[in-house]
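Chain by chain, the residues:
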Amino acid sequence: MFYVKWAFVITFWVLVVAFFHYTLPQHDVARIADTYEKRIDFGENSIFWTNQGTGDAEGTVNRDVFFIQAFRTDDRPMIYRNEDTGWGWPPYFKFDTANLQAEANNLRSTPNDPQWAVITHYGWRNEFLSIYPNAISVRAVDGPDVRIIPWLNIVILTIVAAVSWAIWVRWRRFRAARIDPMLEDIGEGFDAAGDSFSDTRGRFRRWRDSWKRK
Amino acid sequence: MLALARLLIIGFVVLTVIYLSLSLYSRSVRRGKLEREWDEEIHTGDRDAFIEEGMRAYDGSLRKKLILGVYVLPLVTVTIIIYLTNFH
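Residues numbered from 1 in each chain as written. Chains lettered and ligands numbered in written order. Predicted model: local features only at pLDDT ≥ 70, side-chain atom pairs only at ≥ 80, totals over all residues. Heavy atoms only, no water.

## Re the interface of chain A and chain B
Moving on, step 1. The interface of chain A with chain B comprises 12 residues on the first partner and 10 residues on the second.
Moving on, step 2. Of all residues in chain A, the largest losses of buried area upon contact with chain B belong to Trp87, Phe93 and Asp96 of chain A, amounting jointly to 57% of the total for that side.
Moving on, step 3. Between the two partners, chain A and chain B, sit four residue pairs in polar contact (both at pLDDT 80 or more).
Moving on, step 4. In terms of residue class, the side of chain A that touches chain B is made up of seven nonpolar, one polar and four charged. (Contact = heavy atoms within 4.5 Å. Buried area = accessible area lost by both parts, 1.4 Å probe. Polar contact = N/O pair within 3.5 Å; in protein donor to acceptor, adjacent residues only side chain to side chain. Nonpolar A, V, L, I, M, F, W, Y, C, P; charged D, E, K, R; others polar.)

Okay, structure coming up:
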């Protein structure tokens, strides 16, 4: 029982952390190498792609998707997709995909003469699933060492922590005030039933034994 | 536009549920305060009439109107997000 409880708790927290890590924005300092557009047929990984741009046809099985190729400061490549989130989830309300593609294209550079940019994105890059993080915005910076403080993430996580703590505290108070006394009463009821049951059994056994010793 | 309509309808329903819950909670807190005030401080006159008058004053008060902020706040937040994401 101990392991089952901890399995649930750990699974719950893993899911919560994964959800926030996927949905909250992150910032990468990168050098944009190229931008392109590719036809994607949505298969098993379709939940990691957003909907079509607002105004376009819905529910198509494939679509042209913008991509941005970049190299981060450790010289490893990172490919971002560039899609509208529209009115759907996550609530970034991103409509300016084509504009962003133009801005990103404008910041392309070569390794010899790099133009560094900060790319704000959400989502995961997983080669095995062929999923890409979604770029939200791009802005040019002077050099690869820029100090970025994720203010929005700090605010959101603080609010979530405060709300969860408030709910948890109220749940504990409610439990102590209402549920625990009731459970004690039920426990006492079980004890009393158990006593009377063993009394009954005692009597039956004595009567049975009275037949044995003949 | 259909996605926007869907978002607005679902948002309206959810916010209305929150608004009603908050409104009822606020009324019950106000009623509790009025009852306690009468029980501890006043003790004279008609208890029910005092409470009814207090509740009518509450109905016209600013505090009750502020609960409509439940509708306003998400709209403002979404507008700000749209501005920051799309128009820098």
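## Focus: the packing of helix α1 (residues 2-42) of chain B against helix α2 (residues 47-59) of chain B
Packed helix pairs are characterised by how far apart their axes lie and by the angle those axes make with each other.
All names here are of chain B.
Moving on, step 1. The N-to-C vectors of α1 and α2 enclose an angle of 140°; their axes lie 10 Å apart at closest approach. Considering the angle they form, α1 stands oblique to α2. Note on packing geometry: the crossing formed by α1 with α2 is right-handed. On the side of α1, the interface is formed by Ser26, Arg27, Arg30, Arg31, Leu34, Glu35, Glu37, Trp38, Asp39 and Ile42, while α2 contributes Arg47, Phe50, Ile51, Glu52, Gly54, Met55, Tyr58 and Asp59. (Axes fitted to C-alpha atoms, helices over the stretch in contact; angles between N-to-C directions. Helix = DSSP H or I, 4+ residues; strand = E, 2+ residues; numbered from the N terminus. Parallel < 35°, antiparallel > 145°, perpendicular 65-115°, else oblique. Left-handed = near helix turned anticlockwise from the far one by under 90°.)

## Some details on the environment of Ile82 of chain B
Moving on, step 1. When you line up the elements, Ile82 of chain B lands in helix α4 (residues 69-86).
Moving on, step 2. The contact partners of Ile82 of chain B, leaving out residues within four places of it in the chain, are Trp87, Phe93 and Phe95 of chain A together with Phe87 of chain B.

## Focus: the pairing of strand β4 (residues 116-122) of chain A
All names here are of chain A.
Moving on, step 1. Of all seven residues that make up β4, seven are buried, and the element is covered over most of its length.
Moving on, step 2. Alternating positions in β4 separate into two faces, Trp116, Val118, Thr120 and Tyr122 on one and Ala117, Ile119 and His121 on the other, with burial throughout.
Moving on, step 3. With six bridges connecting them, strand β1 (residues 26-41) and β4 associate as antiparallel partners. Directly across from Ala30, in β4, lies its bridge partner Ala117.
Moving on, step 4. As defined by bridge partners, β4 adjoins strand β5 (residues 134-140) across six bridges and the pair is classed as antiparallel. By the bridge assignment, His121 is partnered in β5 with Ala135. (Buried < 20%, exposed > 50% of the residue type's maximum accessible area, 1.4 Å probe, protein only. Pairing = 2+ DSSP bridges.)

## What about the pattern of salt bridges?
One side chain can pair with another of opposite charge once the charged atoms of both are near each other.
Residues and elements named next belong to chain B.
Moving on, step 1. The full count for this structure, using the stated rule, is nine salt bridges over all chains.
Moving on, step 2. In this structure, Arg31 and Glu52 form a salt bridge, with 3.8 Å as the shortest nitrogen-oxygen distance. Of the two residues, Arg31 sits in helix α1 while Glu52 sits in helix α2, which places them 21 residues apart along the sequence.
Moving on, step 3. With relative accessibility at 40%, the residue Glu52 sits in the partly exposed group.
Moving on, step 4. Residue Asp59 is joined to Lys64 by a salt bridge in which the shortest nitrogen-to-oxygen separation is 3.4 Å. (Salt bridge = Lys/Arg side-chain N within 4 Å of Asp/Glu carboxyl O.)

## Describing the packing of aromatic side chains
Moving on, step 1. Applying the stated rule across the entire model yields 21 aromatic pairs over all chains.
Moving on, step 2. Considering the side-chain rings of Tyr83 of chain B and Phe87 of chain B, the 6.5 Å spacing of their centres and the 35° angle between planes classify their relative orientation as tilted.
Moving on, step 3. Here Tyr83 of chain B falls in the partly exposed class, since its relative accessible area comes to 49%.
Moving on, step 4. According to the relative accessible area criterion, Phe87 of chain B is exposed, its value standing at 59%.
Moving on, step 5. An aromatic cluster is built from Tyr22, Phe48, Tyr92, Tyr122 and Trp124 of chain A, whose rings are joined through pairwise contacts.
Moving on, step 6. Across from the ring centre of Trp6 of chain A, 5.9 Å away, lies the NZ or CZ of Lys5 of chain A, which sits over that ring. (Phe/Tyr/Trp six-rings, centres within 6.5 Å; stacked < 30°, edge-to-face > 60°. Lys NZ or Arg CZ within 6 Å of the ring centre and 35° of its normal.)

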